[in-house]
Amino acid sequence: MAPMAGVTDRAFRRLCLRYGADLVFTEMVSAKAVSFGDEKSYELARLDDSDRPASIQIFGSEPKSIAFAAKEMLKYSPVTIDINMGCPVPKIAGSGDGSALMKKPELAGEIIYAAVEAVDIPVTVKIRSGWDSSSINAIEIAKIAESNGAAAITVHGRTRAQGYEGKANRSVIKSVKSAVNIPVFANGDVRDGQSAIEMLVETGCDGVMVGRGALGSPWIFEEIKAKLENRNPRIITAEEKREAILEQLEMMVADKGESSAIHEIRKHIAWYIKGIPNAASIRASVFSVHTKENLKEILSQTELF
Ligand SMILES: Cc1cc2nc3c(=O)[nH]c(=O)nc-3n(C[C@H](O)[C@H](O)[C@H](O)COP(=O)(O)O)c2cc1C
């Protein structure tokens, strides 16, 4: 499962793992904020026994704070430290972080090297195809990552300029896979078993990473795996899905407190019910409640799937 800020919190990570994800990622965590001792950032990164295996993703553009944050994250025993070199959001890229590092290959290398030197677990890197269509340089950055000690790379086959629009370019991902010897994971537009197979076949990659396909659908991983193994997917009943959402709510309340949890789970519920006939009215009632008990009542009494 892909790292997604505002989405892949502990509760959602647990659901994705339960429904077949082999590895999950935290939301991106600011290395700079960690180096200032920001408690919220530590909380974003915290893993507990129920959301493993997980990687912690950090972002930043100062090798020193990247090294510090990478080391700090070891207290949560992640599988890897992942470095974000793909975020297109102006607030991040505008500060030289995330996808802006695609434009600064030398600094990107220094950052990866700093993390690799700081920790004794694998460091992975998530990149885009390039900054824009006139500067597709995923191969260059991937080679730099490899030579600076990265253990694996994920390539999202879009440029920063594309944001999340257009189609992910599988041929760029394929060319990265051919150019390096470390594992390469393919990302972008994998939304079901068929697109996962196409992605794997067309790129030759070692695995796929699923982002938006998991929104409102943490069970997508089971479906994809069934397809890859050429067997019928397990039928997940509406009742099981409802129970999972109620559990997600309880986990979010335990982690963030009732008020934040209610606020944050609203978008998840909107994703869960997307496309059902009375989605608009369910959404309206979900968005008007302020307590866990009221929300549970709505979730328990409504057809959600
Ligand atoms: C809401 C949202 C938040 C995201 N946050 C992150 C992030 O924190 N770190 C990151 O590397 N990518 C982030 N991404 C990008 C995804 O990890 C992924 O690369 C992208 O969505 C393409 O994959 P998909 O087509 O499967 O969604 C985010 C994407 C979305 C939609």
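Values in this document were obtained by computation on a predicted structure and should not be read as measured data.

Procedures and definitions
Residues numbered from 1 in each chain as written. Predicted model: local features only at pLDDT ≥ 70, side-chain atom pairs only at ≥ 80, totals over all residues. Helix = DSSP H or I, 4+ residues; strand = E, 2+ residues; numbered from the N terminus. Rg over C-alpha atoms; globule rule 2.2 N^0.38 Å. Buried ≥ 20, exposed ≤ 12 C-beta atoms within 10 Å, placed from the backbone. Contact = placed C-beta atoms within 7 Å. Domains from an automatic or database assignment. Nonpolar A, V, L, I, M, F, W, Y, C, P; charged D, E, K, R; others polar. Arc of directions from axis to C-beta. Near = placed C-beta within 6 Å. Axes fitted to C-alpha atoms, helices over the stretch in contact; angles between N-to-C directions. Parallel < 35°, antiparallel > 145°, perpendicular 65-115°, else oblique. Left-handed = near helix turned anticlockwise from the far one by under 90°. Core = buried A, V, L, I, M, F, W, Y, C linked by C-beta atoms within 7 Å.

### Overview of the overall build of the chain
Of the regular secondary structure elements, the chain holds 14 helices and eight strands. For 305 residues, the compact-globule formula gives about 19 Å, and the C-alpha radius of gyration of the chain, at 19 Å, lands near that figure. Along the first, second and third principal axes, the C-alpha atoms of the chain reach 55 × 45 × 35 Å. Expressed as a percentage of its 305 residues, the buried residues of the chain come to 46%. Within the chain, residue pairs in contact and separated by at least 24 positions form 66% of the contacts whose partners lie at least 6 positions apart.

### Some details on the domain arrangement of the chain
When cut into domains, the chain gives domain 1 (10-228) and domain 2 (238-301). A C-alpha centroid distance of 28 Å is found between domain 1 and domain 2. When its residues are assigned to classes, the side of domain 1 that touches domain 2 shows four nonpolar, one polar and two charged.

### Structural notes on helix α8 (residues 170-179)
Of the residues making up α8, those classed as buried are Val 172, Ile 173, Val 176 and Lys 177. Seen from one end, α8 has its buried residues packed into an arc of 145 degrees, which puts them on one side. Facing away from the buried side of α8 by more than 90 degrees, the exposed set consists of Ser 171 and Ser 178. Those residues of α8 that are buried are in contact with β5 (123-130), α7 (138-147), β6 (152-159), β7 (184-187) and α9 (193-203).

### Digging into the site of the ligand
Looking at the ligand, there are 23 residues lining it, with Ala 2, Met 4, Met 28, Gly 211 and Arg 212 nearest. Tallied by class, the residues present in the shell around the ligand amount to 10 nonpolar, nine polar and four charged.

### Observations concerning the packing of helix α12 (residues 258-273) against helix α13 (residues 279-288)
The packing of two helices is summarised by the inter-axis angle and the distance between the axes. The interhelical angle for the contact between α12 and α13, taken along N-to-C directions, is 165 degrees, at an axis separation of 10 Å. On the basis of the axis angle, α12 is roughly antiparallel to α13. For the pair α12 and α13, the crossing hand works out as right-handed. Counting all contacts with α12, which are made through Arg 266, Ile 269, Ala 270 and Ile 273, the residues of α13 involved are Ala 279, Ile 282, Arg 283, Val 286 and Phe 287. When the residues that make up the contact of α12 with α13 are grouped by side-chain class, the tally is seven nonpolar, no polar and two charged.

### Structural notes on the nonpolar core
Judged by nonpolar contacts, the single largest core of 89 residues is most densely connected at Cys 16, Ile 58, Ile 112, Ala 115 and Ile 153. Considering each element in turn, this core owes the most residues, eight residues, to helix α6 (residues 105-118). Taken domain by domain, this core gets at least three of its residues from each of domain 1 (10-228) and domain 2 (238-301). Among residues more than four places away in sequence, those in contact with Ile 153 are Thr 124, Val 125, Ile 127, Ala 142, Ala 145, Val 176, Val 180, Ile 182 and Val 184.

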